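Architecture and fold: a report
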Amino acid sequence: MALKNDLLIRAAKGEPVERTPVWLMRQAGRILPEYREVRAKMNGFVDLVKNPERAAEVTIQPVDILDVDAAIIFSDILVIPEALGLPYDMVEKRGPVFPQTISDMDDVKKLSTSDMSDKLGYVIEAIKITKKELNDRVPLIGFAGAPWTIMAYMVEGSGSKTFSKARKMLFTQPETAHALLQSITDCTKAYLKEQVNAGANLVQVFDSWAGILSPDQYEEFAMPYIKQIVDSIDEVPVTVFSKGAYFSLHSLGKLNCETLGLDWNTPVDFALKMAGPNMTFQGNLDPCALYGSTSEVRAETIKMLDQFKGLRHIANLGHGVYPDTDPEKVKVFIETVKSYTQK
Ligand SMILES: Cc1c2[nH]c(c1CCC(=O)O)Cc1[nH]c(c(CCC(=O)O)c1C)Cc1[nH]c(c(CCC(=O)O)c1C)Cc1[nH]c(c(C)c1CCC(=O)O)C2
């Protein structure tokens, strides 16, 4: 079945579009009262993630309510560590917490890499239900965390400003780090393949903690694994969002993917110079811009769109939308993108 709105897919591939497509990272989540209502009926976040019917419901909410040009499957990047044998808990106001972590090679060897499709079957089921209920109105985005970001949580055991335990491992036990990264990569390749087979129309790789690595570390511990993942997907376009890794845009630009996510710290002309002209850029409004008044949100959005004028572009924020953002301001952002005409 053909998509009724395929702007996102065409923009990703660099094909002509009538206007810039728009969606928001973390759109399926706490900004919507309708999400919080569903969430309140569940036994916590993980329970919601593991309920394919409810996950499909909250995936579609932003399409109905905000009129975005894409849905992103409601799940989390941390389902991979869980499937590997490290369960997580989502603690209110603190974020993810892992009771067990990875400290050495023995821990890596103990990870269970078998039966991944059974263990992640709930996400695949949620994708199938979502596809059916979306009825091809807009594309469905599948996703996974990049290996370095997943490793960071598995070693650190929770969120952190510095992830110093995870970064320490890169210096003190590089072989352990590489073995862990390779295990995560193998599982992620299989997982994304299943998402595509179930109907995902595009996949995004989130490297949220890329920016805490040095350029050399990024080339050694992040890039080779992202490349393996990107090279394993031919059927649909791929977006790589390496937050903070402006210093590696030259090698990101050589990846066999269609789109690079940009955060708001990265100037568009700099990204173009570094990554070259063969990529679509996605981003990059500061999520805090949505705390402004209606006219300020409009002005900031237009300023952002002007910077991408003439380039291949998918409008988005430079990171996920913050939970206390007024959905009305999100709508202003979306409507401003849709009514913007390139002069
Ligand atoms: C680092 C990361 C995580 N998860 C994710 C990333 C990469 C993107 C980024 O950098 O923001 C990705 C993610 N997490 C979630 C989605 C769903 C789809 C979407 O709307 O984008 C996606 C794409 C749901 C979620 N994931 C989480 C929530 C909130 C939990 C709740 O409902 O209580 C949602 C809707 C929780 C989560 N999950 C994670 C953290 C650190 C937290 C706690 C902090 C926070 O809330 O942002 C790990």
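Residues numbered from 1 in each chain as written. Predicted model: local features only at pLDDT ≥ 70, side-chain atom pairs only at ≥ 80, totals over all residues. Heavy atoms only, no water.

A tally of regular secondary structure across the chain gives 16 helices and 9 strands. When burial is assessed residue by residue, the chain has 58% of its 343 residues classed as buried. Within the chain, contacts between residues at least 6 apart in sequence are counted, and of these 74% link residues at least 24 apart. Total accessible area computed for the chain in this model is approximately 14,400 Å², and 50% of it derives from carbon and sulfur atoms. Both charge centroids of the chain, one from 38 positive and one from 45 negative side chains, sit 2 Å from each other. (Helix = DSSP H or I, 4+ residues; strand = E, 2+ residues; numbered from the N terminus. Buried < 20%, exposed > 50% of the residue type's maximum accessible area, 1.4 Å probe, protein only. Contact = heavy atoms within 4.5 Å. Areas by Shrake-Rupley, 256 points an atom, 1.4 Å probe, with all protein chains shown as cover. Lys, Arg positive; Asp, Glu negative; His and termini not counted. Charge placed at Lys NZ, Arg CZ, Asp CG, Glu CD.)

Before going further, it helps to spend a moment on the pattern of salt bridges. Applying the stated rule across the entire model yields 15 salt bridges. When the shortest N-O distance is used, the salt bridge between Glu-82 and Lys-50 registers 3.0 Å. With Glu-82 in helix H5 (residues 79–84) and Lys-50 in the loop between helix H3 (45–49) and helix H4 (52–66), the pair connects residues that are 32 residues apart, well separated along the chain. A cluster of three or more residues bridged by salt bridges with shared partners is formed by Asp-6, Arg-10 and Glu-18. (Salt bridge = Lys/Arg side-chain N within 4 Å of Asp/Glu carboxyl O.)

Here we take up the nonpolar core. Met-151, Tyr-218 and Phe-333 are the most contacted members of the largest nonpolar core, which totals 126 residues. For this core, the element with the most residues is helix H11 (residues 174–198), which contributes 9 residues. Excluding residues within four positions of it along the chain, Met-151 makes contact with Ala-166, Met-169, Leu-170, Ala-177, Leu-180, Leu-181 and Ile-184. (Core = buried A, V, L, I, M, F, W, Y, C linked by side-chain atoms within 4.5 Å.)

Attention now moves to the pairing of strand E6 (residues 238–242). Counting buried positions along E6 yields 5 of 5 residues, so the element is predominantly enclosed. What you see with E6 is no split at all: Val-238, Val-240 and Ser-242 on one side and Thr-239 and Phe-241 on the other are buried throughout. Sheet topology places strand E5 (residues 202–207) next to E6; 5 bridges connect them, and they run parallel. By the bridge assignment, Val-205 is partnered in E6 with Val-240. For the crossover from E5 across helix H12 (residues 215–231) to E6, the handedness is right-handed. (Pairing = 2+ DSSP bridges. Right-handed = clockwise from strand over helix to strand, strands pointing away.)

The next subject is the UniProt feature "binding site: substrate" (unreviewed entry) in the chain. Following the UniProt record, the feature "binding site: substrate" (unreviewed entry) maps to Arg-26, Gln-27, Ala-28, Gly-29, Arg-30, Asp-76, Tyr-153, Ser-208 and His-319 here. Considering only the residues just annotated, the largest pocket is lined by Arg-26, Ala-28, Gly-29, Arg-30, Asp-76, Tyr-153, Ser-208 and His-319. Here Arg-26 shows up in the loop between helix H1 (7–13) and helix H2 (33–40). For Arg-26, a relative accessible area of 57% corresponds to the exposed category. (UniProt positions renumbered as here; feature names shortened; annotations may be inferred. 1 Å grid on protein atoms, 1.4 Å probe; cavity = no way out; pocket = protein on both sides within 12 Å on 5 of 7 lines; lining within 4 Å.)

A volume near 1,500 Å³ is recorded for the largest pocket. What lines the largest pocket is a set of 45 residues, among which Arg-26, Arg-30, Asp-76, Pro-96 and Tyr-153 lie closest to the centre. Counting residues per element, the ones that place at least two in the lining of the largest pocket are H2, strand E2 (89–91) and strand E3 (95–97). For the lining of the largest pocket, the per-class residue count stands at 23 nonpolar, 12 polar and 10 charged. (Points joined across faces, edges and corners; volume = space filled by probe spheres on them. Nonpolar A, V, L, I, M, F, W, Y, C, P; charged D, E, K, R; others polar.)

A few words now on the site of the ligand. Near the ligand lie 24 residues; those nearest to it are Arg-30, Tyr-35, Arg-39, Ser-208 and His-319. At 2.5 Å from an oxygen atom of the ligand is found a side-chain nitrogen or oxygen belonging to Tyr-35. Contact distances for the ligand include 2.5 Å between an oxygen atom and a side-chain N or O atom of Ser-208. Here the ligand has 860 Å² of accessible area as a free molecule, and 88% of this is covered by the chains. Counting atoms within 2 Å of the grid points, the majority share of the ligand lands in the largest pocket. The set of elements that each furnish at least two residues to the shell around the ligand consists of H2 and E3. By residue class, the composition of the shell around the ligand is 14 nonpolar, 6 polar and 4 charged. (Near = heavy atom within 4 Å. Polar contact = N/O pair within 3.5 Å; in protein donor to acceptor, adjacent residues only side chain to side chain. Sits in = over half its atoms within 2 Å of the grid points.)

With that out of the way, let us pick up the packing of helix H10 (residues 164–172) against H11. Remark: H10 packs on H11, axes separated minimally by 5 Å, with the N-to-C direction vectors making an angle of 115°. Each of Met-169, Leu-170, Phe-171 and Thr-172 in H10 lies in contact with H11, whose residues at this interface are Pro-174, Thr-176 and Ala-177. Split into classes, the residues belonging to the contact of H10 with H11 amount to 5 nonpolar, 2 polar and no charged. (Axes fitted to C-alpha atoms, helices over the stretch in contact; angles between N-to-C directions.)

Another aspect to go through is the sheet that holds strand E4 (residues 140–145). Here we have 7 strands laid out as an open sheet, ordered E1-E4-E5-E6-E7-E8-E9, and parallel in their pairing. In this open sheet, the two strands that pair with only one neighbour each are strand E1 (71–72) and strand E9 (313–317). Where H11 meets the sheet, its contacts fall on E4 and E5, and the angle it forms with E4 comes to roughly 170°.

Turning to the environment of Tyr-218, a few remarks are in order. In this fold, Tyr-218 is placed in helix H12. On the accessibility criterion, Tyr-218 (0% relative accessible area) is buried. Along the primary structure Tyr-218 and Ile-141 are separated by 77 residues, whereas in three dimensions their C-alpha atoms are 26 Å apart. Ignoring any residue separated from it by four or fewer positions in sequence, one finds Tyr-218 in contact with Asp-207, Ala-210, Leu-213, Met-223, Pro-224, Ile-226, Ser-242, Ala-245, Phe-247, Ser-248 and Leu-252.

Attention now moves to the packing of aromatic side chains. Under the criterion given, the structure shown has 10 aromatic pairs. Measuring from centroid to centroid gives 5.7 Å for Phe-45 and Phe-74, while their planes differ by 75°, and the two rings are edge-to-face. Taken together, the residues Phe-45 in helix H3 and Phe-74 in the loop between E1 and H5 connect sequence positions 29 residues apart. Ring geometry for Tyr-246 versus Phe-247: centroids 5.3 Å apart, planes at 75°, classification edge-to-face. By the ring-pair criterion, three or more aromatic residues cluster together here, those being Tyr-218, Tyr-246, Phe-247 and Phe-270. (Phe/Tyr/Trp six-rings, centres within 6.5 Å; stacked < 30°, edge-to-face > 60°.)

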